[in-house]
Amino acid sequence: MSGVRRAGPLSLLYAFMDATRWRPSMQETAPRRERPIGLYVLETGGCEGCFMEIESLNGSAFALEQAGFVCVTDPADADWLLLTGAVTRVCAEMVDRVWRAMPPGRCLIAVGACAVDGGPFPAGYATLGGLQALTPVRRSIAGCPPSPEDLLRALQELARG
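Residues numbered from 1 in each chain as written. Predicted model: local features only at pLDDT ≥ 70, side-chain atom pairs only at ≥ 80, totals over all residues. Heavy atoms only, no water.

The chain is annotated in an unreviewed UniProt entry as NADH:ubiquinone oxidoreductase-like 20kDa subunit domain-containing protein from Gluconobacter vitians. Here is the UniProt Cofactor (unreviewed entry) comment for the chain, exactly as written: "[4Fe-4S] cluster". According to its UniProt record, the chain has this under Sequence similarities (unreviewed entry): "Belongs to the complex I 20 kDa subunit family." (UniProt positions renumbered as here; feature names shortened; annotations may be inferred.)

Tallying secondary structure elements over the chain gives six helices and seven strands in all. Along the chain, helices (α) and strands (β) appear in the sequence α-α-β-α-β-β-β-α-β-α-β-β-α when read from the amino end. Sorting the 161 residues of the chain into buried and exposed places 39% on the buried side. For the chain, the share of sequence-separated contacts (at least 6 apart) that also reach a separation of at least 24 residues comes to 76%. Approximately 9,100 Å² of the chain is accessible, and the part contributed by carbon and sulfur atoms is 55%. (Helix = DSSP H or I, 4+ residues; strand = E, 2+ residues; numbered from the N terminus. Buried < 20%, exposed > 50% of the residue type's maximum accessible area, 1.4 Å probe, protein only. Contact = heavy atoms within 4.5 Å. Areas by Shrake-Rupley, 256 points an atom, 1.4 Å probe, with all protein chains shown as cover.)

Let's shift gears to the sheet that holds strand 2 (residues 69-71). Taken in spatial order, the five strands make up an open sheet running 2-1-3-5-7, and their pairing is parallel. With partners counted over all chains shown, the strands left at the sheet margins are strand 2 and strand 7 (139-141), one partner each. On average, adjacent strands in this sheet sit at an angle of 30 degrees to one another, irrespective of strand direction. Two elements, strand 5 (residues 107-111) and strand 7, share three bridges in a ladder whose sense is parallel. Residue A110 lies in a different strand from strand 7, and its bridge partner there is S140. The strands touched by helix 4 (residues 89-101) are strand 1 (37-43), strand 3 (80-84) and strand 5; relative to strand 1, the strand with the most contacts, the crossing angle is about 170 degrees. (Pairing = 2+ DSSP bridges. Axes fitted to C-alpha atoms, helices over the stretch in contact; angles between N-to-C directions.)

Right, let's talk about the pattern of salt bridges for a bit. Considering all chains together, one arrives at five salt bridges under this definition. When the shortest N-O distance is used, the salt bridge between R35 and D79 registers 2.7 Å. Within this pair, whereas R35 is found in the loop between helix 2 (19-22) and strand 1, its partner D79 is found in the loop between strand 2 and strand 3, the two being separated by 44 residues in sequence. Among the residues examined, R35 registers a relative accessible area of 46% and is labelled partly exposed. Look at D79 and you get buried, because its relative accessible area is 16%. The salt bridge partner of R100 is D96, with a shortest N-O separation of 3.0 Å. Placement of the pair is R100 and D96 together in helix 4, with a separation of four residues, close to one helical turn. Residue classification places D96 among the partly exposed positions, given a relative accessible area of 34%. (Salt bridge = Lys/Arg side-chain N within 4 Å of Asp/Glu carboxyl O.)

So this is what it looks like as structure tokens:
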């Protein structure tokens, strides 16, 4: 494709076609399972930076499905709940409802500083703070926000052990 012009309206198309070149290497792939681990992502309050980084894992630049994961839209199909943001009082009931809708063997993962310990949103009149003070958390992924590479690496580590 050396003679192809890569400018103008088609440049975006070429970028998507070349996305596999940008993907992080899958040297540390998760062991193969009979089905991918279902991830349900729940944003409970905050700036939504962590939520956007998780959503970027679904993009073409990251190989989420090759790593053995898939984002699901129904908690009944989820194996792991990825919670982002400080838990607000309004969202606490929703978190409980989503958790109960998940099948047995579920796992709760706090993503980002707000979900872990409240970050800039400590417990107060509107928020309950982070998950560490509220319930047992299987894994915490620190950062404000954590990068997609850090997220994928942490998910792979959790899947291995």
